[in-house]
Amino acid sequence: MRSRPLLPAAFLAALSLTALVLTGCGGEPGPPAPTDDRAIRADGAQLLYRGRGGGSAQNPAFSPDGGSVLFTLFQDGYNKGAAALRVLSLAKGAAARPGTLLEETDRAAVNLPGTSWHPSAGVTFASDRAGRDEVWVLPPGGKQPVRVTEHRGDSGYLEPSFSPDGRWIVFQESLEEESADDGDRPSRSALGSLWKVRRDGREATRLLDGPGTRTDNRQPNWSPKGGRLVFQRRAHDSDDWALYVMNADGTGLRRLTDVPGEHTDPSWSPDGRSVVFSSTAGGLDVPQIFVIPADGGGRPVRVTRSTGGYDGAPSWSPDGRWIAFEAHTGDEDRPTSLWRVPAPRQP
């Protein structure tokens, strides 16, 4: 992530939109107004938004009332360049063009799919706007972003999500060892720890020690009732990601997925009974969206069936009807667009 101080014009735009957006956009949830590139796939997935040029729309997260979708727009391709926080209204009759929540020249503000938007606390995100990657919150009502964490060293604080009461934030500390793979893939040497901290920055507590356990732990999301966390994990010398669940105090670690494949990007259903995630289960070459019971008592159920394309970073709508996700054609890291698909019925 790269950064520079907030520009006055960008901040004024953020002020005007935040007051409208962070309290919930209202309106009857439905697809945006039709556009020339509006599409419905054979698996029933509906196009929500496609960026222009090399813009990559990623990490969709529903607003608390389900009327809007928060996402990150990378300017130069998938996970590349400066990144802004955008909001797309899903109200019937709304324009399909998203509004800007936060955009800073040469800076990257990135939200996590899942519980990054809280009705009273605002939006939590990671940004390098102060020099290194830290956790921030953009409160409701058009205020400036508030810094939550401040740390020293070479690690980055990334991928934050709110507890259901909005008082706590869980996040990943990313620490790279000396060796690294080429390209944008995470290095096998990456060792991510999980932390939680109060929204005001107090009581930072490490829940999982990545370097100490020789594991890489990422993308934590809080359960709807607040008692558990779901996240992805792999061993230090492995490329195989699995999903794990643990208690919110760091105890009770339990593996959720035990089928072959790479399992990433987990977040919860609104009732906490299921977890939606991206996976290559069943021998897929490119990840698709799957759902699995949160108690680990069942096998993954495939939700999307893109023909030769990637589907990932899913989030469940508050009413349980939809799953939003990012997608692109082909198997390479290219700009993604935003889609939604009807959620499967839960047993």
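All of these numbers come straight from a predicted model, not from anything done at the bench.

A. Focus on the overall build of the protein chain. Scanning the protein chain from terminus to terminus reveals 2 helices and 25 strands. Within the span of the protein chain, comprising 347 residues, buried residues form 56% of the whole. Long-range contacts, defined as pairs at least 24 residues apart, comprise 48% of the intrachain contacts of the protein chain with a sequence gap of at least 6. Here the protein chain displays about 14,700 Å² of accessible surface, and carbon together with sulfur accounts for 47% of that area.

B. Structural context of unusual backbone geometry. Here the phi dihedral of aspartate 106 falls at roughly 60°; this positive angle occurs in a residue that is not glycine. Within the secondary structure, aspartate 106 is located in the loop between β5 (99-102) and β6 (109-110). Classification of aspartate 106 as partly exposed rests on a relative accessible area of 37%. Even without being glycine, arginine 214 reaches a positive phi, approximately 55°.

C. Up close: the pairing of strand β20 (residues 274-279). In terms of burial, β20 is largely enclosed, as 6 of its 6 residues are buried. As judged from the 4 bridges shared by strand β19 (residues 263-268) and β20, these two strands associate in the antiparallel manner. Looking across to β20, one finds that threonine 264 is bridged to serine 278. Taken together, β19 and the strand that follows it, β20, pair antiparallel across an intervening segment of 5 residues, in which glycine 272 is found at a positive phi of about 75°. The pairing of β20 with strand β21 (residues 288-293) spans 6 bridges and is classified as antiparallel. Bridging across to β21, valine 275 finds its partner in isoleucine 292.

D. Spotlight on the pattern of salt bridges. Under the definition given, this model contains 14 salt bridges. Ionic pairing is found between arginine 198 and glutamate 203, a salt bridge with its closest N-O pair at 3.0 Å. Residue class for glutamate 203 comes out partly exposed when judged on its relative accessible area of 41%. Look at the salt bridges and you will find they share partners, linking Arg198, Asp200, Arg202 and Glu203 into a network.

E. Structural detail: the sheet that holds strand β24 (residues 322-329). Strand order in the open sheet formed by 4 strands is β1-β25-β24-β23, and the pairing between neighbours is antiparallel. Here the strands that pair on one side only, and so sit at the sheet edges, are β1 (46-49) and β23 (309-316). Between one strand and the next, the sheet's axes are offset by a mean angle of 35°, whatever the strand orientation. Of the pairings in the sheet, the one linking β23 to β24 comprises 6 bridges and is antiparallel in character. Within the sheet, the bridge partner assigned to glycine 312 lies in β24 and is glutamate 326.

F. Representation of the packing of aromatic side chains in the model. For the structure on display, the rule yields 5 aromatic pairs. Above the ring of tryptophan 339, the side-chain terminus of arginine 41 is found at 5.3 Å from the ring centroid. For the cation-ring pair, arginine 340 lies above tryptophan 322, with the distance from its terminal atom to the ring centre recorded as 3.7 Å.

Calculation notes
- Residues numbered from 1 in each chain as written.
- Predicted model: local features only at pLDDT ≥ 70, side-chain atom pairs only at ≥ 80, totals over all residues.
- Heavy atoms only, no water.
- Helix = DSSP H or I, 4+ residues; strand = E, 2+ residues; numbered from the N terminus.
- Buried < 20%, exposed > 50% of the residue type's maximum accessible area, 1.4 Å probe, protein only.
- Contact = heavy atoms within 4.5 Å.
- Areas by Shrake-Rupley, 256 points an atom, 1.4 Å probe, with all protein chains shown as cover.
- Pairing = 2+ DSSP bridges.
- Salt bridge = Lys/Arg side-chain N within 4 Å of Asp/Glu carboxyl O.
- Axes fitted to C-alpha atoms, helices over the stretch in contact; angles between N-to-C directions.
- Phe/Tyr/Trp six-rings, centres within 6.5 Å; stacked < 30°, edge-to-face > 60°.
- Lys NZ or Arg CZ within 6 Å of the ring centre and 35° of its normal.

All quantities given are derived from atomic positions and should not be read as evidence of function.
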